[in-house]
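A look at the structure
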Amino acid sequence: MLAVLTQVPYPSWLNTGDNTWQIVAATFVGMMSLPALAVLYASIVQKKWSVNIMAMTFAGFSLVLIAWVLWSYKMGFGATSIGGGVRNGVQTQLSGVGWVKHFFENFVGKPGGITSAIGEQGQAVSAANTAIPFHFPTASLAYFQFVFAAITPLLFLGSVIGRLKFSAWCLLVPLWSTFVYGVDAFLLWGGGYFAQEGALDFSGGYVIHMSAGVSGFVAAWVLGPRLLRDRRHAIPNNLVMAAVGAGILWLGWNGFNGGDPYYAGADAAAAVVNTNIATAVGVLVWIALDAWLSKEKKPTFLGGVNGMICGLVGITPSAGWVNGQGAIAVGVICTVIVWFAWNYLSKVRPFSKVDDALGVIYTHGIAGLFGGLLLGVFGDPRMLEYGCGHLSSSGQVVSTSQQTYLSATAHCTPFSVSGLAYTGSFHQLWEQARAAAWVIFWSALVTFLLMKLIGLVLGGLRYKDEVLEIGDLAIHGEEAFPEETFAERVGAMAMAGESTRGADSWDSGGSGAGELTQRPASDRPEGGRPDQGEGS
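Cut-offs and rules
Residues numbered from 1 in each chain as written. Predicted model: local features only at pLDDT ≥ 70, side-chain atom pairs only at ≥ 80, totals over all residues. Heavy atoms only, no water. Salt bridge = Lys/Arg side-chain N within 4 Å of Asp/Glu carboxyl O. Helix = DSSP H or I, 4+ residues; strand = E, 2+ residues; numbered from the N terminus. Buried < 20%, exposed > 50% of the residue type's maximum accessible area, 1.4 Å probe, protein only. Expected span 1.5 Å × (residues − 1). Bend = angle between axes of the 7 residues up to and from the residue. Axes fitted to C-alpha atoms, helices over the stretch in contact; angles between N-to-C directions. Parallel < 35°, antiparallel > 145°, perpendicular 65-115°, else oblique. Left-handed = near helix turned anticlockwise from the far one by under 90°. Contact = heavy atoms within 4.5 Å. Nonpolar A, V, L, I, M, F, W, Y, C, P; charged D, E, K, R; others polar. pLDDT = per-residue confidence, 0-100. Core = buried A, V, L, I, M, F, W, Y, C linked by side-chain atoms within 4.5 Å.

1. Focus on the pattern of salt bridges
Under the counting rule described, the total for this entry stands at eight salt bridges. Residue D230 pairs with K48 through a salt bridge whose shortest N-O separation is 3.1 Å. In this pair, D230 sits in helix α9 (residues 228-232) while K48 sits in the loop between α1 (16-43) and α2 (50-77), placing the two residues 182 residues apart along the sequence. For the residue pair D230 and K48, the accessibility class agrees, reading buried in each case. Residue R434 pairs with E431 through a salt bridge whose shortest N-O separation is 3.0 Å.

What follows is the structure, given as structure tokens:
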């Protein structure tokens, strides 16, 4: 007989370990955007664009979150699709349906908000995972998936920096995350058509990285190139801070890939280890290629960062489904391919005619594509994401030994991926290629249409050349590295300054100790700062 009811912190379907890890993993992934990507991008561009990048990063992150909780979470991970192919988290058309009907009725989830009490605290339900009930509330799943949705447009920001209007960015981000990300997420992750067909993407090689690379490339093509001077002298402004951003990005990826099994189990740990193996390999391979094959024959830090990203992106589609040897192979292959693409494909049309400022099409688009295809080669059937066992009435694992977990029965087959290298079958590789073709097509088409539409609404997508010559000061009235010579200090600090530097050094007045105001661009030399040399 049960005891008398009393207050409890959570219902029995909630597993505290799984819930904690999901929230922690989400926080790691969030830190990949803020501060990691903001700091990394802002440090490897000319300093006149640092504030613009940081502003766009913070604004983009915020815009995706609002859209996510109001309508787009359910488009990607809702329990029911438009058309009804997925109903209440159950895939209803796994057989006996023509492909056209199957595709469009499992295309995208029904939009809807999750801001009510039950919407946040109720048990998560999604066709993203139909075999095992989620052990955490919708709030945990929604936030975890939000940080993935948020970083995707921030990645392709690297393609369009140095000319895109801030207002255009603020329109593009929520529209893109709704019509590109929401659709692709449902098709591959939310239980939609490609998921039902057998295509797989462990953590976003296709949905995030390849899509960002393709979208950034198309957006840069529509937008046109940066100023010639900016293209010729695109010198990083702070490699030390770039290292900080890159380091946080790397370690934040532990949450990126480690959180995607949805449970704090053995596969989450394996995914984290494989992620770091592939990344370390990517760093070393790119540095070696720079030292041996580049014109300068020097190992470069930024080359190492590119290799790091290639390893991270390449392993993302397969992190929990390949073993350690597979992770090494993925890191080597993706990095070598991208290194040659970066150095040689970039000289061939159409790549040579599109100003993809930070090369997102290479380190994210191409690395994501080949990482996803290599899952069809190196997927190890012995790397189990989910095994077999017993669940209690509340969905918790009970009475399951290691032998039981590994064994298949008439009622249960452990879930893993069988790649060409282990089975001789091209089936998984074929499904990966089909999904890749769709993501490339859809990302390119919708990005092109959105860019054209936004350009019409705003009367143009890019700033005038005189604004681009100045950068941050002209757009935001701020700069990342202001110099005292070109700032006027007002308030109490001004009075202190007069006694040591002369009254004509400062402008008194205003309020607030130490408040700094910057002179308008019209008071400054052309380009915004007198020391703004060819690479600043």
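2. Some details on unusual backbone geometry
In terms of backbone geometry, most residues other than glycine have negative phi values and most peptide bonds are trans. For the peptide bond that leads from L34 to P35, omega is 15°, which places it in the cis range. At the junction of R349 and P350, the peptide bond is cis and its omega measures out at 0° in the coordinates. By the secondary structure assignment, P350 is in the loop between α13 (324-343) and α14 (360-378). Of note in the backbone geometry, Y262 takes a positive phi value of approximately 75° without being a glycine. Within the element layout of this structure, Y262 appears in the loop between α10 (239-258) and α11 (266-293). Residue Y262 is classed as buried on the basis of its relative accessible area of 7%.

3. Here's the deal with α1
Residue pairs three or four apart in sequence face the same way in an α-helix, which turns once every 3.6 residues. With 28 residues, α1 extends 39 Å between its outermost C-alpha atoms, agreeing within 8% with the 40 Å of an ideal straight helix rising 1.5 Å per residue. In α1, a bend of some 40° at A36 exceeds every other bend along the element.

4. Observations regarding the packing of helix α5 (residues 138-160) against helix α6 (residues 166-188)
Following both chains from N to C, one finds α5 and α6 inclined at 125°, their axes separated by 10 Å at the closest point. Judged by the inter-axis angle, α5 sits oblique to α6. In this structure, the crossing between α5 and α6 has a hand that is right-handed. Across the interface between the two elements, Q145, F148, A149, T152, P153, L154, F156 and L157 of α5 pack against W169, L172, V173, W176 and Y181 of α6. Residue composition of the contact of α5 with α6, by class: 11 nonpolar, two polar and no charged.

5. Some details on the confidence of the model for the protein
On average, the protein scores 90 in pLDDT, and the residues at 70 or more come to 89%. pLDDT under 50 marks residues 489-536. Its contacts with residues more than four places away, or in other chains, come to 77 contacts.

6. Here we look at the nonpolar core
Counting residues in each nonpolar core, the largest one holds 119 residues, and the members touching the most others are Y41, F148, W169, Y181, F194, Y262 and W438. At 14 residues, the largest contribution of residues to this core is made by α5. With residues up to four places along the chain from it excluded, the contact list for W438 reads F103, F107, V183, D184, L187 and F194. Core analysis: the next-biggest nonpolar cluster, separate from the first, contains 17 residues, A278, W321, V322 and V330 among them.

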